[in-house]
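Secondary and tertiary structure notes
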Amino acid sequence: LESSVTLFNGEIAIGTAIANATTGEFTIIPDSALAEGDYNFTVIATDTAGNPSSPASVPAIEVDTTAPAAPTEVATSVSITNDLTTVSITGTAELESSVTLFNGDIAIGTATANATTGEFTIIPDSELAEGDYNFTVIATDQSGKASSPARVPAIEVDTTAPAPPTQEATSL
């Protein structure tokens, strides 16, 4: 088993490893960092006598080193029904990114941006107490890179009913 296994990007060898003598498993780390882009690698095993195998395809990979753009078109909506306050935050982010709603440094809700349109809707994980809120949203792509925060339009949650009108005596 102790074959030497070489990873190729096209015709260029970019890394080599020795296969485990018992299992045949190997791990190849490229000799230098890969640039952003799509790759279709092949590997060739060479036995101790110097005989190479036929090239074997490796599943295609995408190297993504760019953080997503901050979410855009961010809007809010507040509705109060039966003493229940529902807040929803909508916007657009990188396709299939995870968008997290923050109140300060605390994450209070997450949604996945639509795979086709990038649209998302986040409803906070719990009902918001009465008060003013200045949220932010951050998109995190599938590679784990986060965007810069995008400000959410400020909202006020007000569940207190106004005082009843008073009746003053008037003369006609």
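Let us look at the structure shown here. Bear in mind that the values here come from a model prediction, so they are computed numbers and not experimental data. (Residues numbered from 1 in each chain as written. Predicted model: local features only at pLDDT ≥ 70, side-chain atom pairs only at ≥ 80, totals over all residues. Heavy atoms only, no water.)

Further remarks concern the pairing of strand β2 (residues 12-18). One ladder, built from 6 bridges, connects strand β1 (residues 4-9) with β2; its direction is antiparallel. When the bridges of β2 are listed, L7 appears paired with G15. Adjacent in sequence and paired antiparallel, β1 and β2 are bridged by 2 residues, among which G10 carries a positive phi angle near 70 degrees. (Pairing = 2+ DSSP bridges. Helix = DSSP H or I, 4+ residues; strand = E, 2+ residues; numbered from the N terminus.)

Together, E36, D38, E62 and E94 line one region of the surface with negative charge. Residue placement: E94 occurs in the loop between β8 (84-92) and β9 (98-103). E94 gets classed as partly exposed once you look at its relative accessible area, which sits at 33%. (Patch = residues over 30% accessible without salt bridge, like charges linked within 9 Å, V, L, I, M, F, W, Y side chains within 5 Å. Areas by Shrake-Rupley, 256 points an atom, 1.4 Å probe, with all protein chains shown as cover. Salt bridge = Lys/Arg side-chain N within 4 Å of Asp/Glu carboxyl O. Lys, Arg positive; Asp, Glu negative; His and termini not counted. Charge placed at Lys NZ, Arg CZ, Asp CG, Glu CD. Buried < 20%, exposed > 50% of the residue type's maximum accessible area, 1.4 Å probe, protein only.)

Before going further, it helps to examine the pattern of salt bridges. Considering all chains together, one arrives at 2 salt bridges under this definition. The salt bridge partner of D64 is K145, with a shortest N-O separation of 3.8 Å. Of the two residues, D64 sits in the loop between β6 (61-63) and β7 (72-81) while K145 sits in the loop between β13 (136-140) and β14 (150-151), which places them 81 residues apart along the sequence. Residue K145 is classed as buried on the basis of its relative accessible area of 18%. The partner of D141 in a salt bridge is K145, with the nearest N and O atoms 3.3 Å apart. For the pair shown, D141 and K145 are each scored as buried. Residues joined by salt bridges that share partners form a network here, namely D64, D141 and K145.

Counted according to the given criterion, the structure contains 2 aromatic pairs. Measuring from centroid to centroid gives 5.3 Å for Y133 and F135, while their planes differ by 20 degrees, and the two rings are stacked. You'll find Y133 and F135 in the same group, each marked buried. (Phe/Tyr/Trp six-rings, centres within 6.5 Å; stacked < 30°, edge-to-face > 60°.)

Turning to the nonpolar core, a few remarks are in order. Core analysis: the biggest nonpolar cluster contains 20 residues, and I89, V99, L101, I122, L128, F135 and V137 have the highest contact counts within it. Those residues in contact with V137, other than ones at most four positions away along the chain, are P71, V74, I89, V99, T100, L101, I122, S148, P149, A150 and V152. By size, the runner-up hydrophobic cluster in this structure holds 10 residues, among which are L7, A19, V43 and V63. (Core = buried A, V, L, I, M, F, W, Y, C linked by side-chain atoms within 4.5 Å. Contact = heavy atoms within 4.5 Å.)

On their own, these measurements won't tell you what the molecule is for.
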